[in-house]
Amino acid sequence: MALEHVSSQRLHSETKADDSIKVDVADDVDFVAYYERASGRLVVDPEYVAKVEFGEVMASRLKLSPDGLKVLWPQPADDPNDPQNWTDFRKTVHLIIITMSAVVPDFDSGIGTASIFGLAQTYDTTSGVINDLTSNWSIFLLGWGGIFWVMLMRRYGRLPVLFWSQLFAFAFLIGATLAPNLATFAGMRCLTAFFGTCPQVTGLYVVTDIFPFHLQARKLNIWTSGFVLSPYLSPFVFGFLVARVSWRWAYAIGSIYSAVVLFLIVFFMEETMYDRHLALKPPQISTGLRYRFKTLIGVTGYKMAKYRPRWPEVVLASLDVVWRPQFFFVVLFEALVFGFSIGVNGTNVIFMKSPPPVGFGFSQYAVAGAYATPIVAVLLGEFIGRYVNEFIMDLHIRKNGGFFEAESRLWTCYLAMPLYICGFLTLGAGIQNRSEAALIMGWGIAIVAITLNTVVVYAYCNDCFPRRAGEVSALLNLSRALGGFAIAYFQVPWATKSGGLMVFGVEAAQVISLDTLEESDGCYRLVIGMFFIAVPMTQLKGSYFRARYAL
């Protein structure tokens, strides 16, 4: 019973005369503790199941969704300052801002993809050197930066950390725009990535802070679409620009976008962190504009830090999550799935721009136009995922007697993976045979699959660790970055030697022919094995893992 997770010890039994079911009834249930310790198994049905689980008295106190069909988790406090009690409009504004913010890191990184040949010309080097020195290392720092920012957010709140990180990222992006030499440009671009990655780990915090669990997958779908879309948006937009003017104009416009996001954070974003565990909240001494300014720059967060987890716990929190089997296998799977998409984004521009026999010999305009493909694919993936995820969740709750189990999220992976394999095989065949149609179709199908899979993994991991949303987001961000960090180093030479079909076939966990079996056997076993270990095994053993290895 989920009441094993509830701190209250005052239990008694009663027998209902009409059905002779023995029910454990709690005189007082700590719903905050229940939600955090349930670890992915929640009471959703407000009628029979809630009464059996909590007793009729406590069940009657549960706050429900507007339609009265679902129990709200976490339970909103009787406090208008609780973000769970905000109006739909106020929540939507924050979702829009955090999604726009999540675009910034990979959008800025993608400017380098659009400008790679212009950068090589300016700094008198090759596109490969630019790719290795700036693109790959900025991707690497995108991952590690998230771990650092989550530590600060646990102590000082979401808003001040988001504000200061984006302010510094904006400054370093201006530095990259004006960089006089390659060393300065590389340093500025890497620092931009480290500071700019903060919204890609803040978003999961914000979504879980303001939305109840049954809406979180839908909202995560929007937020994740922002950072999945962003690395393709800048090559599409700026590819046409750099064909006519200097690459510095592309970075200048990227700086303007960062300034717009920073403006929205300063004037419209509010602190979403709510210390739900504190029975008595510290009095709010200042109000109005003064209070907002103190919250923005971190004074309020600094004063509240003494009520929050200590530094040793905060520093070790990510390590405390990463080894747990309900998290580890799924994240390793996501690292492989998403990592190859990062590598593809960095290398496709080289395939498209390079002359035969390596590439297609596209003009700069054609390369820019080709990047409309993944943009449309992400939007299509968001649309499909919105309805598929909600359908699966509602169906599972009905079939599971009013309970929600986190592993039900993973059923969407069975839709995503065939699309992923089909997309990568088609993409590889298109590059090997220099077929523009196959390139476009394969790339689009693969990105639809990646969008579907990423939302599911984020939602599942967050359901398993409701107290560790930041660490979950940071570790997923790190896994994505590390998964794609090394791809650009070897993908172009490998494709030149063995052909695109061989390369992308291996990455999609398929062996194309007997001739390639020996060379690709190791990758084949690793990638296809991770899918079957991570998804079916986690679905079968997930409830045991969550009970045995819960935080």
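Residues numbered from 1 in each chain as written. Predicted model: local features only at pLDDT ≥ 70, side-chain atom pairs only at ≥ 80, totals over all residues. Heavy atoms only, no water.

Q: Even after reading the chapter, I still don't get the overall build of the protein chain, so can you show me in this structure?
A: When you go through the protein chain residue by residue, the secondary structure sums to 23 helices and four strands. Looking at the protein chain as a whole, 58% of its 551 residues are labelled buried. Residue pairs in contact within the protein chain that sit at least 24 positions apart in sequence constitute 78% of those at least 6 positions apart. Carbon together with sulfur atoms contributes 66% to the accessible area of the protein chain, which is approximately 22300 Å² in total. (Helix = DSSP H or I, 4+ residues; strand = E, 2+ residues; numbered from the N terminus. Buried < 20%, exposed > 50% of the residue type's maximum accessible area, 1.4 Å probe, protein only. Contact = heavy atoms within 4.5 Å. Areas by Shrake-Rupley, 256 points an atom, 1.4 Å probe, with all protein chains shown as cover.)

Q: Where do I start with a nonpolar patch on the surface in this structure?
A: Residues Trp-311, Val-315, Leu-316 and Leu-319 make up a contiguous nonpolar surface patch of roughly 380 Å² in combined accessible area. Summarising the element assignment, Leu-319 is placed in helix α14 (residues 311-322). Residue class for Leu-319 comes out exposed when judged on its relative accessible area of 56%. (Patch = residues over 30% accessible without salt bridge, like charges linked within 9 Å, V, L, I, M, F, W, Y side chains within 5 Å. Salt bridge = Lys/Arg side-chain N within 4 Å of Asp/Glu carboxyl O.)

Q: Help me out: how do you make sense of the pattern of salt bridges in this one?
A: It is possible for side chains of opposite charge to pair when their charged atoms get near one another. Applying the stated criterion across every chain yields a total of 17 salt bridges. A salt bridge links Glu-313 to Arg-468, with the shortest nitrogen-to-oxygen separation between them at 3.6 Å. Linking Glu-313 in helix α14 with Arg-468 in the loop between α19 (436-464) and α20 (469-485), this pair joins segments that are 155 residues apart in sequence. Judged by its relative accessible area of 38%, Glu-313 is partly exposed. Its salt-bridge partner being Glu-405, residue Arg-546 comes within 2.5 Å of it at the nearest N-O pair. You can see Arg-546 sitting in helix α23 (residues 514-548) and its partner Glu-405 sitting in strand β4 (residues 403-405), a full 141 residues away along the chain. For the pair Arg-546 and Glu-405, a shared accessibility class is recorded, and that class is buried. In the salt-bridge network here, residues are joined through shared partners; they are Arg-41, Glu-405, Glu-407 and Arg-546.

Q: What am I meant to see in the packing of aromatic side chains here?
A: Aromatic ring pairs are described here by two measures, namely the spacing of the ring centres and the angle between the planes. Within this structure, the stated rule accounts for 46 aromatic pairs. Relative to Phe-227, the ring of Trp-223 has its centre 5.1 Å away and its plane inclined at 75 degrees; by these criteria the two rings are edge-to-face. Of this pair, Trp-223 and Phe-227 are both found in helix α10 (residues 213-242), four residues apart, which corresponds to roughly one turn of the helix. The pair formed by Trp-223 and Phe-227 is uniform in burial state, with each residue classed as buried. Judged by centre distance (4.7 Å) and plane angle (45 degrees), the rings of Phe-263 and Phe-267 are tilted. One end of the pair, Phe-263, and the other, Phe-267, are both in helix α11 (residues 247-268), four residues apart, so they sit about a helical turn from each other. Feature note: the residues Phe-148, Trp-149, Phe-168, Phe-172, Phe-194 and Phe-195 constitute an aromatic cluster, connected by ring pairs. Its guanidinium or amino end placed over the ring of Tyr-205, Arg-158 lies 3.7 Å from that ring's centre, counting from NZ or CZ. (Phe/Tyr/Trp six-rings, centres within 6.5 Å; stacked < 30°, edge-to-face > 60°. Lys NZ or Arg CZ within 6 Å of the ring centre and 35° of its normal.)

Q: Would you mind showing me how to read the side chain of Glu-382 here?
A: As for its position among the elements, Glu-382 is in helix α17 (residues 372-399). The residues touching Glu-382, leaving out its near neighbours within four places in the chain, are Asn-221, Ile-222, Ser-225 and Thr-451.

Q: Hey, could you run me through the nonpolar core in this one?
A: Generally speaking, soluble globular proteins have nonpolar side chains that are buried together. Ranked by internal contacts, the top residues of the largest apolar core, which has 140 residues, are Phe-54, Trp-73, Phe-185, Phe-333, Met-352, Trp-443 and Cys-461. Top contributing element to this core by residue count: α19, with 15 residues. What Met-352 contacts, discounting residues up to four positions off in sequence, is Phe-360, Gly-361, Phe-362, Val-367, Ala-370, Tyr-371, Leu-439 and Trp-443. (Core = buried A, V, L, I, M, F, W, Y, C linked by side-chain atoms within 4.5 Å.)

Q: Explanation requested: the packing of helix α7 (residues 158-177) against helix α12 (residues 288-297) in the structure shown.
A: Each pair of packed helices can be described by the angle between their axes along with the distance between the axes. Between α7 and α12, whose axes approach to 6 Å, the crossing angle comes to 65 degrees. Regarding the angle of α7 to α12, the classification is roughly perpendicular. Across the interface between the two elements, Leu-159, Pro-160, Phe-163 and Trp-164 of α7 pack against Thr-295, Leu-296 and Ile-297 of α12. Residues belonging to the contact of α7 with α12 are distributed by class as follows: six nonpolar, one polar and no charged. (Axes fitted to C-alpha atoms, helices over the stretch in contact; angles between N-to-C directions. Parallel < 35°, antiparallel > 145°, perpendicular 65-115°, else oblique. Nonpolar A, V, L, I, M, F, W, Y, C, P; charged D, E, K, R; others polar.)

Q: Please clarify how the environment of Tyr-35 should be interpreted in this entry.
A: Along the chain, Tyr-35 falls in helix α1 (residues 31-38). Once you skip the residues sitting within four places of it in the chain, Tyr-35 turns out to touch Leu-42, Trp-73, Pro-74, Gln-216 and Pro-466.

Q: So what exactly am I meant to see when it comes to unusual backbone geometry here?
A: For residues other than glycine, phi is negative in most cases, and the peptide bonds are mostly trans. In this structure, the amide linkage connecting Trp-73 to the following residue, Pro-74, adopts the cis form with an omega of -5 degrees. By the element assignment, Pro-74 lies in the loop between α3 (56-59) and α4 (88-114). The phi dihedral of Asp-124 falls on the positive side, at around 55 degrees, and the residue is not glycine. Along the chain, Asp-124 turns up in the loop between α5 (116-122) and α6 (127-156).

Q: What should I look at first to understand the packing of α10 against α11 in this one?
A: In contact at an axis separation of 8 Å, α10 and α11 are set at 145 degrees when each is read in the N-to-C sense. Between α10 and α11 lies a crossing whose hand is right-handed. Counted together, Phe-238, Leu-241 and Val-242 of α10 and Trp-247, Trp-249, Ala-250, Ile-253 and Gly-254 of α11 form the full contact between these two elements. Here the contact of α10 with α11 is built from residues that sort into seven nonpolar, one polar and no charged. (Left-handed = near helix turned anticlockwise from the far one by under 90°.)

Q: So what exactly am I meant to see when it comes to α12 here?
A: Helical geometry note: an α-helix holds 3.6 residues per turn, so side chains three or four residues apart project in the same direction. Restricting attention to buried positions, one finds in α12 the residues Lys-294, Thr-295 and Leu-296. Looking at the buried positions of α12, the neighbouring elements they touch are α7, α11 and α13 (299-304). Looking one or two residues beyond α12, the residue adopting positive phi is Gly-298, at roughly 110 degrees.

Q: Looking at this model, I keep getting lost on the environment of Met-100. Mind explaining?
A: Relative to the elements of secondary structure, Met-100 occurs in helix α4. In this structure the C-alpha to C-alpha distance between Met-100 and Val-261, which are 161 residues apart in sequence, comes to 6.8 Å. If near-sequence neighbours (up to four positions away) are discounted, Met-100 is found in contact with Tyr-257, Val-261 and Leu-264.

Q: Is there a simple way to explain the confidence of the model for the protein chain in this structure?
A: Low-pLDDT portions of the prediction should not be read for the details of their coordinates. Mean pLDDT for the protein chain: 82, with 85% of residues reaching 70 or above. Within the protein chain, the lowest mean pLDDT, 38, falls on strand β1 (residues 11-15), and the highest, 96, falls on α7. Under a pLDDT of 50 for its full length, residues 1-26 has, in the predicted model, 54 contacts with residues more than four places off or in other chains. Counting contacts from residues 509-525, a segment whose pLDDT is below 50, to residues more than four positions away or on other chains yields 22 contacts. (pLDDT = per-residue confidence, 0-100.)

Q: Before we go on, may I ask you to explain the environment of Leu-551 in this structure?
A: Counting through the fold element by element, Leu-551 comes out in the segment after α23. For Leu-551, a relative accessible area of 27% puts it in the partly exposed group.

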